[in-house]
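Survey of secondary and tertiary structure
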Amino acid sequence: DSGVTQTPKHLITATGQRVTLRCSPRSGDLSVYWYQQSLDQGLQFLIQYYNGEERAKGNILERFSAQQFPDLHSELNLSSLELGDSALYFCASGYGDTQYFGPGTRLTVL
Amino acid sequence: GENVEQHPSTLSVQEGDSAVIKCTYSDSASNYFPWYKQELGKRPQLIIDIRSNVGEKKDQRIAVTLNKTAKHFSLHITETQPEDSAVYFCAASIGGATNKLIFGTGTLLAVQP
């Protein structure tokens, strides 16, 4: 157990819908990272927040957005969902270089 | 742009043999290189990492080596066991204000009993 929690574990929804994925970092970690894992794209960095502020962006689609709240938990919002958005979404938290991954949310778009 | 290449994509060894996975990174500013083990349907789990000021690091049966000049780093697993079977990912980061990880494409390691 990494100490990073994510909810829900599984999410099944339809194309065009919007979903919210939630992540709680390890106690004391100020940084939260979001990654997407799909069969064809591998593990890809989406976005990083540090103490409530966006720190870095990867290949995150405009339909996706994220935020980090004062209690340091983070939410990833995915809208206008497409079949290709089906993937495992991982949140990681860390202090310094090291990142610890949560259990992930498996999103299936039908 | 930033890129990490990883080889081989699949590796099958007999129990007790050694396994070596190699990665090459493109961004010379990279200074942090972790390795993650991922079992099917589970989270990536950090198993070892190395920073650019160190050439080699060892933790029991696992070791990582780094050649900054060649921009290569490798994972070595000795005395492999069936429970080592998983997908292994290398990654690189430039650290500093943004520690985003750029991952390799993964190596599926199968340890045959």
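For the structure given in this document, a descriptive report is provided here. (Residues numbered from 1 in each chain as written. Chains lettered and ligands numbered in written order. Predicted model: local features only at pLDDT ≥ 70, side-chain atom pairs only at ≥ 80, totals over all residues. Heavy atoms only, no water.)

1. Brief notes about the state of the cysteines
All names here are of chain A. Note the threshold: Criterion for a disulfide: a pair of cysteine sulfur atoms within 2.5 Å. For helices the rule is a DSSP run of H or I covering at least 4 residues; for strands it is a run of E covering at least 2, with both sets numbered from the N terminus onward. Three exposure classes are used, based on accessible area relative to the maximum for each residue type with a 1.4 Å probe and protein chains only: buried under 20%, partly exposed in between, and exposed over 50%.
Under the counting rule described, the total for this entry stands at two disulfides over all chains. Here C23 pairs with C91 through a disulfide, and the sulfurs are 1.7 Å apart. With C23 in strand β3 (residues 19-24) and C91 in strand β9 (residues 87-94), the pair connects residues that are 68 residues apart, well separated along the chain. Both residues of the pair, C23 and C91, belong to the buried class.

2. Quick notes on unusual backbone geometry
Cis geometry marks the peptide bond from T7(A) to P8(A); its omega dihedral reads -10°. Here P8(A) lies in the loop between β1 (5-7) and β2 (10-13). With omega at -5°, the peptide bond leading from H7(B) into P8(B) counts as cis. Tracing the backbone through its elements, the reader meets P8(B) in the loop between β1 (4-7) and β2 (10-14).

3. A closer look at the environment of N99(B)
The cut-off we apply is this: Whether two residues are in contact is decided by their heavy atoms: any pair within 4.5 Å suffices. For this analysis, a polar contact is any N or O atom pair within 3.5 Å, provided that within protein one partner can donate a hydrogen and the other can accept it, and provided that sequence-adjacent residues contribute only side-chain to side-chain pairs.
Mapped onto the elements of the fold, N99(B) is located in the loop between β9 (86-92) and β10 (102-103). Among all residues touching N99(B), those that are not within four sequence positions of it are Y33(A), Q48(A), G96(A), D97(A), Q99(A) and S93(B). A polar atom in the side chain of N99(B) sits 3.4 Å from the side chain of Y33(A). Looking at N99(B), its side chain comes within polar contact range of the main-chain oxygen of G96(A), at 2.6 Å.

4. Details of the pairing of strand β7 (residues 64-68) of chain A
Residue and element names in this part refer to chain A. Inclusion rule: In this analysis, strands are considered paired if DSSP registers two or more bridges between them.
Burial along β7 is one-sided: F64, A66 and Q68 are buried, while S65 and Q67, pointing the other way, are not. For β7 and strand β8 (residues 74-78), the ladder comprises five bridges, and the chain directions are antiparallel. Looking at β8, one finds that Q68 is bridged to S74. Hairpin connection from β7 to β8: five residues lie between these consecutive antiparallel strands, with L72 at a positive phi of about 80°.

5. Considerations on the interface of chain A and chain B
Convention followed: Buried area is a sum: the accessible area each of two parts loses on coming together, probed at 1.4 Å, counted once for each and added. A pairing counts as a salt bridge when a side-chain nitrogen of Lys or Arg comes within 4 Å of a carboxyl oxygen of Asp or Glu.
Taken together, the contacts link 21 residues of chain A with 18 residues of chain B. Buried area between chain A and chain B, both sides added, is near 1600 Å², and the carbon and sulfur share of it is 53%. Contact with chain B buries area across many residues of chain A, yet L43(A), D97(A) and F101(A) alone supply 36% of it, more than any other trio. The interface formed by chain A and chain B contains one salt bridge. Measuring nitrogen to oxygen at the nearest pair gives 3.1 Å for the salt bridge that ties D97(A) to R51(B). The interface formed by chain A and chain B holds seven residue pairs in polar contact (both at pLDDT 80 or more) in total.

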